[in-house]
Amino acid sequence: MGSLFEELEAREAAARVRVEELEAELAELSGKLEMAREGLERLRIARETVAEVLAEMGPEQSVAAVGAGQAPVDELMASAYAGAERQVIGVLTVPNWQSGMGPEILPQVYQDIVEVVSDAPGPVRAKQVVPRIGLPAETGKIEGTRAKLKRLVERGWLDEDTPGMFTLARRRRTISPNSR
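Throughout what follows, the structure given in this document is the object of discussion.

Cut-offs and rules
- Residues numbered from 1 in each chain as written.
- Predicted model: local features only at pLDDT ≥ 70, side-chain atom pairs only at ≥ 80, totals over all residues.
- Heavy atoms only, no water.
- Helix = DSSP H or I, 4+ residues; strand = E, 2+ residues; numbered from the N terminus.
- Buried < 20%, exposed > 50% of the residue type's maximum accessible area, 1.4 Å probe, protein only.
- Contact = heavy atoms within 4.5 Å.
- Pairing = 2+ DSSP bridges.
- Expected span 1.5 Å × (residues − 1).
- Arc of directions from axis to C-beta.
- Core = buried A, V, L, I, M, F, W, Y, C linked by side-chain atoms within 4.5 Å.
- Axes fitted to C-alpha atoms, helices over the stretch in contact; angles between N-to-C directions.
- Parallel < 35°, antiparallel > 145°, perpendicular 65-115°, else oblique.
- Nonpolar A, V, L, I, M, F, W, Y, C, P; charged D, E, K, R; others polar.
- Patch = residues over 30% accessible without salt bridge, like charges linked within 9 Å, V, L, I, M, F, W, Y side chains within 5 Å.
- Areas by Shrake-Rupley, 256 points an atom, 1.4 Å probe, with all protein chains shown as cover.
- Salt bridge = Lys/Arg side-chain N within 4 Å of Asp/Glu carboxyl O.

## Looking at the overall build of the protein
Each helix and strand in the protein was counted, giving six helices and two strands. In the protein, the order of α-helices and β-strands from amino to carboxyl end is α-α-α-α-α-α-β-β. Within the span of the protein, comprising 180 residues, buried residues form 24% of the whole. A sequence separation of at least 24 residues applies to 48% of the contacts in the protein between residues at least 6 apart.

Next up, the structure:
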């Protein structure tokens, strides 16, 4: 009978060690959870503060601030970032397309994407664009490129008539991104 009690004591000791390990993991995860909650709360407060500031700023304040430089209205419309101050917080890397803009104002990777899409004989998918801009055909690269394509659609540079199929925006087809 001695061996049965010894086996139970060994199992009890192993279970005690496992409980202690799990308690240590729980303490570590609790600390990480608290840090994540604090970060979330800071972001919530920042978002609310920015929303308050933007709500207090009327559209006339934005125009007045720009108009202080006495630039004519036509010159303001030619700006790559005209009207963007009310839509985006932070740096706007892909400006809203406006008449007269060429892809040369875009960051290089976006220029490459617009060039690939414009050179294609028809609509293209993100997985077709990725190797043409020099990236490996990995899921992460495809998803990142898809996000960039969708951003270009949102800003008026490309069209997405069928989900996942991207073409050069119709109103821009007369302007070739290769002509500079």
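## A closer look at the pairing of strand E2 (residues 165-168)
Alignment of strand E1 (residues 158-162) against E2, held across three bridges, turns out to be antiparallel. Note that in E2 the partner of Thr162 across the bridge is Met165.

## Comments concerning the environment of Glu115
With respect to the helices, strands and loops of the structure, Glu115 is situated in helix H4 (residues 108-119). For Glu115 and Arg132, which are 17 residues apart along the polypeptide, the C-alpha to C-alpha distance reads 9.8 Å.

## A word on helix H6 (residues 139-154)
When the terminal C-alpha atoms of H6 are compared, their 22 Å separation across 16 residues agrees well with the 22 Å that a helix rising 1.5 Å per residue should span. For H6, the complete set of buried residues consists of Ile142, Thr145, Leu149 and Leu152. Down the axis of H6, the sector holding all buried residues measures 80°, keeping them to one side. Turned more than 90 degrees away from the buried face of H6 sit Thr139, Gly140 and Glu154, all of them exposed. Residues of H6 that are buried make contact with H4, helix H5 (126-132), E1 and E2.

## Quick notes on the nonpolar core
Core analysis: the largest hydrophobic core is formed by 22 residues, its most contacted members being Leu106, Ile113, Val129, Leu149, Leu152 and Trp157. Elements represented by at least two residues in this core include exactly H4, H5, H6 and E2. Tallying contributions element by element places H4 first for this core, with five residues. Those residues in contact with Ile113 that lie beyond four places of it in its chain are Val129, Ile133, Thr145, Lys148, Leu149 and Leu152.

## So, the packing of H4 against H6
It is at 11 Å that the axes of H4 and H6 come closest, and there the two elements cross at 80°. One finds that H4 runs roughly perpendicular with respect to H6. Of H6, the residues touching H4 (which contributes Val109, Tyr110, Ile113, Val114 and Val117) are Thr145, Lys148, Leu149, Arg151 and Leu152. A class-by-class count of the residues in the contact of H4 with H6 yields seven nonpolar, one polar and two charged.

## Side note on a nonpolar patch on the surface
A cluster of nonpolar side chains, contributed by Leu4, Phe5 and Leu8, occupies part of the molecular surface with about 310 Å² of accessible area. Since its relative accessible area comes to 47%, Leu8 is described here as partly exposed.

## Looking at the environment of Ser118
Tracing the backbone through its elements, the reader meets Ser118 in helix H4. On the basis of relative accessibility, which here comes to 22%, the residue Ser118 falls in the partly exposed class. Considering only alpha carbons, one finds Ser118 and Thr167, 49 residues apart in sequence, at a separation of 7.1 Å.

## Regarding H4
The end-to-end C-alpha distance of H4 is 16 Å, a good match for the 16 Å that twelve residues give at a rise of 1.5 Å each. Buried within H4 are the following residues: Tyr110, Gln111, Ile113, Val114, Val116 and Val117. Taken together, the buried residues of H4 touch H5, H6, E1 and E2.

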